[in-house]
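Commentary on secondary and tertiary structure
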Amino acid sequence: GNSVTQMEGPVTLSEEAFLTINCTYTATGYPSLFWYVQYPGEGLQLLLKATKADDKGSNKGFEATYRKETTSFHLEKGSVQVSDSAVYFCALKGAGNNRKLIWGLGTSLAVNP
Amino acid sequence: DAGVTQSPTHLIKTRGQQVTLRCSPKSGHDTVSWYQQALGQGPQFIFQYYEEEERQRGNFPDRFSGHQFPNYSSELNVNALLLGDSALYLCASSLAGGTNEKLFFGSGTQLSVL
């Protein structure tokens, strides 16, 4: 079945450091891929998405590229801020009419000033 | 424009009791999905409702049931509560058939079973 594997946290960085959170997936066909963010005390929010191979999703300085050849969707940001401290989830939605999202375990990011 | 709203925000129950959680979708959305998020874990899909019917279900026992009303709001019911049911329950809404696959999540209901 479909699955998502996400790098374990917690990740602790200093402000302005470069961020990479790895995400790989297993799926049949061509799934859609997502990164969601959960700020402390808040609900999940869609950060970015990509729906086909080689698509690059981007938002708020974050980017992720859908790599079919390596079945990856790594999240990157060139310069993190304290306000980026949150838990980040990689998720997959299977092809076709399957509307169920499959989630990674989440990676906690703490950015220190 | 109100987003997804869930009630209550927190709930404490004892083993064996029953609980009902409520969700109002974002305005214009007609599909509601429920997820269970245990501490330190990613959300697990429970089921999805559209047109007042359960359209898809995850690997949850029959103790978990739901309902969708004509105004698209939804309820999640859990019977015979177990300690392991303690989790954050998230509701997400979307528009069926839309090209936008974006889910909007509520802030969740934190359920504690003692």
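Shown above is the structure to which this text applies.
First, a word on scope: everything that follows refers to the structure included in this document.

Basis of the calculations
Residues numbered from 1 in each chain as written. Chains lettered and ligands numbered in written order. Predicted model: local features only at pLDDT ≥ 70, side-chain atom pairs only at ≥ 80, totals over all residues. Heavy atoms only, no water. Contact = heavy atoms within 4.5 Å. Buried area = accessible area lost by both parts, 1.4 Å probe. Salt bridge = Lys/Arg side-chain N within 4 Å of Asp/Glu carboxyl O. Polar contact = N/O pair within 3.5 Å; in protein donor to acceptor, adjacent residues only side chain to side chain. Phe/Tyr/Trp six-rings, centres within 6.5 Å; stacked < 30°, edge-to-face > 60°. Helix = DSSP H or I, 4+ residues; strand = E, 2+ residues; numbered from the N terminus. Buried < 20%, exposed > 50% of the residue type's maximum accessible area, 1.4 Å probe, protein only. Disulfide = S-S within 2.5 Å. Core = buried A, V, L, I, M, F, W, Y, C linked by side-chain atoms within 4.5 Å.

1. As for the interface of chain A and chain B
- In this assembly, 19 residues from chain A lie in contact with 22 residues from chain B.
- Here chain A and chain B share an interface that buries about 1600 Å² over both sides, 50% of which is from carbon and sulfur atoms.
- At the boundary of chain A and chain B, one finds zero salt bridges.
- In this structure, the connection of chain A to chain B is made through three residue pairs in polar contact (both at pLDDT 80 or more).

2. Thoughts on the packing of aromatic side chains
- Counted by the stated rule, this structure contains 12 aromatic pairs over all chains.
- With 5.9 Å between their ring centres and 85° between their planes, A:Trp103 and B:Tyr35 make a pair best called edge-to-face. In this pair, A:Trp103 sits in strand β11 (residues 101–103) while B:Tyr35 sits in strand β4 (residues 31–37), so the two residues belong to two different chains.
- Where B:Phe47 meets B:Tyr49, the ring centres are 5.3 Å apart and the plane angle is 85°; that geometry is what we call edge-to-face.
- Classification of B:Phe47 by relative accessible area gives buried; the value is 0%.
- Among the aromatic residues, ring-to-ring pairing joins A:Phe34, A:Tyr36, A:Phe89, A:Trp103, B:Tyr35, B:Phe45 and B:Phe105 into one connected group.

3. A word on the state of the cysteines
- Counted under the stated rule, the structure contains two disulfides over all chains.
- What pairs with A:Cys23 in a disulfide is A:Cys90, and their sulfur atoms sit 1.9 Å apart. Note on the A:Cys23 and A:Cys90 pair: the S-S dihedral is about -70°, so by sign convention the disulfide is left-handed. With A:Cys23 in strand β4 (residues 23–26) and A:Cys90 in strand β10 (residues 86–93), this pair connects stretches of sequence that are 67 residues apart.
- On the basis of relative accessibility, which here comes to 0%, the residue A:Cys23 falls in the buried class.
- Each sulfur in the disulfide pair B:Cys23 and B:Cys91 lies 1.8 Å from the other. Every disulfide takes its handedness from the sign of the S-S torsion; for B:Cys23 and B:Cys91 that torsion is -60°, giving left-handed. Note that B:Cys23 is positioned in strand β3 (residues 19–24) and B:Cys91 in strand β9 (residues 87–94), a separation of 68 residues in sequence.

4. Observations regarding the nonpolar core
- Counting residues in hydrophobic clusters, the biggest one holds 27 residues, and the most contacted among them are A:Leu19, A:Trp35, A:Leu47, A:Leu48, A:Phe73, A:Leu75 and A:Tyr88.
- If you list the elements that add at least two residues to this core, you get β2 (11–14), β3 (19–21), β4, β5 (32–38), β6 (44–50), β8 (62–65), β10 and β12 (107–112) of chain A.
- If one sorts the elements of this core by residue count, β10(A) sits on top with four residues.
- Beyond its immediate stretch of four places on either side in the chain, A:Leu75 contacts A:Leu19, A:Thr20, A:Ile21, A:Trp35, A:Leu47, A:Leu48, A:Phe62, A:Glu63, A:Ala64 and A:Tyr88.
- B:Val32, B:Val78, B:Ala87 and B:Val113 belong to the second-largest nonpolar core, a separate cluster that totals 19 residues.

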